[in-house]
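The lines below spell out each chain.
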Amino acid sequence: MLLVPCPNCGPRNAADLTYRGESHPRPDPGTATKHEWRTYLYLRDNPSGWLRESWYCSSGCRTHFQIERHTLTGEIRTPPLPGSKTAGGT
Ligand SMILES: [Zn+2]
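Below: a short report on this structure.

Calculation rules
- Residues numbered from 1 in each chain as written.
- Predicted model: local features only at pLDDT ≥ 70, side-chain atom pairs only at ≥ 80, totals over all residues.
- Heavy atoms only, no water.
- Salt bridge = Lys/Arg side-chain N within 4 Å of Asp/Glu carboxyl O.
- Helix = DSSP H or I, 4+ residues; strand = E, 2+ residues; numbered from the N terminus.
- Buried < 20%, exposed > 50% of the residue type's maximum accessible area, 1.4 Å probe, protein only.

For the coordinates displayed, the defined rule picks out three salt bridges. Its salt-bridge partner being Arg 69, residue Glu 53 comes within 2.6 Å of it at the nearest N-O pair. A residue pair is termed long-range when its members are at least 10 positions apart, and Glu 53 in strand β4 (residues 50-56) and Arg 69 in strand β5 (residues 64-70) qualify at 16 residues. For the pair Glu 53 and Arg 69, one class covers both residues: buried. Between Glu 68 and Arg 77 there is a salt bridge, with the nearest N and O atoms lying 2.7 Å from each other. For Glu 68, a relative accessible area of 15% gives the class buried. Taken together, the shared-partner salt bridges connect Arg 52, Glu 68 and Arg 77 into one network.

If you want it as structure tokens, here you go:
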């Protein structure tokens, strides 16, 4: 069982949430090429290590949130919020 920390509900069984996939920045609609859209929509890295993922708390607070999960160990950490300064973490 994978416990995923919802920012509002706390740790929840992954079966109670909806996995939204690997999280990566959306290209600029005004300047993106077809190749950039194709890469954004269909290609995934599938790394052996830390991966930023999007989840949806579908049976709880209905919040979209992101976590970082190590694909080999299953360790989970919360990524810093956009615009926040980290205290020297990796
Ligand atoms: Zn929640």
